[in-house]
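Chain and residue survey
For reference, the chains in residue letters:
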Amino acid sequence: QSRGRFRKSNGVVRDESVSFVSHPTETDSSLFGGNSTSPIQEHIYAPPGKVGVAIDVINGKPTVHKIRNGSPLEGLLQHGDIILSIDDVETSNMSAADITHLMVKRMNYRRKISFIRSGNQIQ
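These figures come from a predicted structure and were not determined experimentally.

Structural notes on the overall build of the protein chain
When its secondary structure is counted, the protein chain shows one helix and nine strands. Going from N to C terminus, the protein chain has its helices and strands arranged as β-β-β-β-β-β-β-β-α-β. The burial tally for the protein chain puts 45% of its 123 residues in the buried class. A total of about 6700 Å² of accessible surface is found on the protein chain, and carbon and sulfur atoms cover 46% of it.

Thoughts on the pattern of salt bridges
Tallied over the entire structure, the rule returns three salt bridges. With a closest N to O distance of 2.8 Å, Asp81 and Arg117 form a salt bridge. You can see Asp81 sitting in the loop between β6 (61-67) and β7 (82-86) and its partner Arg117 sitting in the segment after β9 (111-116), a full 36 residues away along the chain. Accessibility assignment for this pair places Asp81 and Arg117 in one class, buried. Its salt-bridge partner being Lys112, residue Asp88 comes within 3.2 Å of it at the nearest N-O pair. Of this pair, Asp88 sits in the loop between β7 and β8 (89-90) while Lys112 sits in strand β9, and the two are 24 residues apart along the sequence. Here Asp88 falls in the exposed class, since its relative accessible area comes to 58%. Its relative accessible area of 18% is what places Lys112 among the buried residues.

What to know about the side chain of Thr91
You can see Thr91 is positioned in the loop between β8 and α1 (96-105). Note on Thr91: relative accessible area 0%, which makes it buried. When near neighbours in sequence (up to four residues on either side) are disregarded, Thr91 contacts Pro62, Ile83, Leu84, Ser85, Ile86 and Ile99.

A look at the pairing of β7
Most of β7 sits inside the fold, with five of its five residues counted as buried. Both β7 and β9 contribute to a ladder of four bridges, which runs antiparallel. Following the sheet pairing, Ser85 is matched in β9 by Ser114. Taken together, the two bridges between β7 and β8 define a ladder with antiparallel strand orientation. Residue Ser85 lies in a different strand from β8, and its bridge partner there is Glu90. From the end of β7 to the start of β8, which pair antiparallel, there are two residues, and Asp87 there has a positive phi angle of about 50°.

Notes on the environment of Phe115
Looking at the element boundaries, Phe115 is found in strand β9. Taking the C-alpha atoms as reference points, Phe115 and Ile44, 71 residues apart in sequence, are found 8.3 Å from one another. Not counting residues up to four positions away in its chain, the partners in contact with Phe115 are Ile40, Gln41, Glu42, His43, Ile44, Leu76, Leu77, Asp81, Ile82, Ile83 and Leu84.

What to know about the pairing of strand β4 (residues 40-46)
Across the seven residues that make up β4, a large majority, six, are buried. Two strands pair when backbone bridges link them, and β4 and β9 are joined in this way by six bridges, in the antiparallel orientation. What sits directly across from Ala46, in β9, is Arg111.

Calculation notes
- Residue numbering note: each chain is counted from 1, following its sequence as written.
- Under the rules for a predicted model, residues below a pLDDT of 70 receive no local features and side-chain atom pairs below 80 are neither given nor counted, while totals for whole chains, interfaces and linings still include all residues.
- Note that water and hydrogens are dropped before the side-chain values are worked out from all heavy atoms of the structure.
- Only DSSP runs of H or I reaching four residues or more are called helices, and only runs of E reaching two or more are called strands; each is numbered from the N terminus.
- The buried label applies to any residue whose accessible area, calculated with a 1.4 Å probe on protein chains only, is under 20% of its type's maximum; exposed applies above 50%, and partly exposed to all values in between.
- Under the convention used here, a 1.4 Å probe and the Shrake-Rupley method define accessible areas, while residue burial counts only the protein chains that appear.
- When a carboxyl oxygen of Asp or Glu is within 4 Å of a side-chain nitrogen of Lys or Arg, the pair counts as a salt bridge.
- Contacts are residue-level and defined by heavy atoms, with any inter-residue pair within 4.5 Å sufficient.
- Each pair of strands is called paired provided DSSP finds at least two bridges between the two strands.

The structure is reproduced here in structure tokens:
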């Protein structure tokens, strides 16, 4: 059984490695300032293995910092996407290291990643 690895560089935790199915749903707008327009929550399913995504916490929200070339999530997640949950475990109060640990802990399984696209955020 292989173990996942992650490293920290410049304060950003990097997971060394995620398939896509999008199911847009409405999200509680109170999470993003209480505007009446809700951002669209999307879901992707990461295959077992490494995902190649770096997460950072920006303005208190876990955010995609970088996606490695060749990542199975390349073209699915984007820089600035806000990660809401992994396998329905809410990530809003987690550190980047905790989110990466959660992804690595489940790397032998398909993982559901719920997120909000940065262009759909309510400022």
